[in-house]
Amino acid sequence: MTASSANLAAVGYDTIDDWLTASTHAPSTIILLCATGEEGTARAIQSGLDRILSSVPGARVVVLSDIDNPATMVSALERGARGFVTMSLSLEVAIEAIRIVNVGGTFVPASGLLSARQGFTAPLDGQPPAVEGRPHFTERQLAIIACVRRGEPNKIIAHKLNMTESTVKVHIRNIMRKIKAKNRTEVAFLTNELLLPNETSSD
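Here's a quick rundown of the structure. (Residues numbered from 1 in each chain as written. Predicted model: local features only at pLDDT ≥ 70, side-chain atom pairs only at ≥ 80, totals over all residues. Heavy atoms only, no water.)

## Considering the packing of helix H6 (residues 139–149) against helix H8 (residues 165–179)
Alright, step 1. At a minimum axis distance of 10 Å, the contact between H6 and H8 shows a crossing angle of 90°. As the angle between them shows, H6 and H8 are arranged roughly perpendicular. The residues of H8 that touch H6, namely those facing Arg140, Gln141, Ile144, Ile145 and Val148, are His171, Ile172, Asn174, Ile175 and Lys178.
Alright, step 2. Among the residues making up the contact of H6 with H8, the classes are represented as 5 nonpolar, 3 polar and 2 charged. (Axes fitted to C-alpha atoms, helices over the stretch in contact; angles between N-to-C directions. Helix = DSSP H or I, 4+ residues; strand = E, 2+ residues; numbered from the N terminus. Parallel < 35°, antiparallel > 145°, perpendicular 65-115°, else oblique. Contact = heavy atoms within 4.5 Å. Nonpolar A, V, L, I, M, F, W, Y, C, P; charged D, E, K, R; others polar.)

Set out below in structure tokens:
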């Protein structure tokens, strides 16, 4: 699929092989990788994204699937997808998602984030109760989350926040534990739209 600021023009291919043999596929092109069913989506994420991105580095890929699962969305983003569009979305929303990716953004449906909130209702032992289903974060943890979401490494975070790298690592582990994240990518994903202004406390 190619996109401009005003219109979208789509070109379809039955398989990735058919697309790879096409005459041109510039990195600026938006690629919709369609997959249905849990197994089909998993295969597309595991191998399809790898094949596309290894053939056209920098390609902007949007996964289109009938699977509305936060973990599946995170997996796609970790593999290099720039967006995840579910078939439950309206055509208008899907087109706007593609436009967002076209201008350099990343799109994940709000439904996936809402599903992720279900795992945040129970506070950990010794922690204050979450507010409206959200986990409790200190001011320092919120600052670290903001840095993680910008993709900054621990060394940079430590310098910015005037702490040691080991302290940053401890905070990140605690953040991951609170939101049940497995890695930094999930921290960035699962904290999107889950934090309320002024929802902090001192260390």
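## With respect to the pairing of strand S4 (residues 60–65)
Alright, step 1. Summarising burial for S4: 5 of the 6 residues are buried, a large majority.
Alright, step 2. Relative to S4, strand S3 (residues 30–35) is paired through 6 bridges, and the arrangement is parallel. Across the sheet, Ala35 pairs through a bridge with Ser65, a residue of S4.
Alright, step 3. In this region the chain leaves S3, passes through helix H2 (residues 38–55) and returns to the parallel neighbour S4; the handedness of that crossover is right-handed.
Alright, step 4. The pairing of S4 with strand S5 (residues 83–86) spans 4 bridges and is classified as parallel. Bridge pairing links Val63 to Phe84 in S5.
Alright, step 5. Once you follow S4 into helix H3 (residues 70–78) and on to S5, the crossover reads as right-handed. (Buried < 20%, exposed > 50% of the residue type's maximum accessible area, 1.4 Å probe, protein only. Pairing = 2+ DSSP bridges. Right-handed = clockwise from strand over helix to strand, strands pointing away.)

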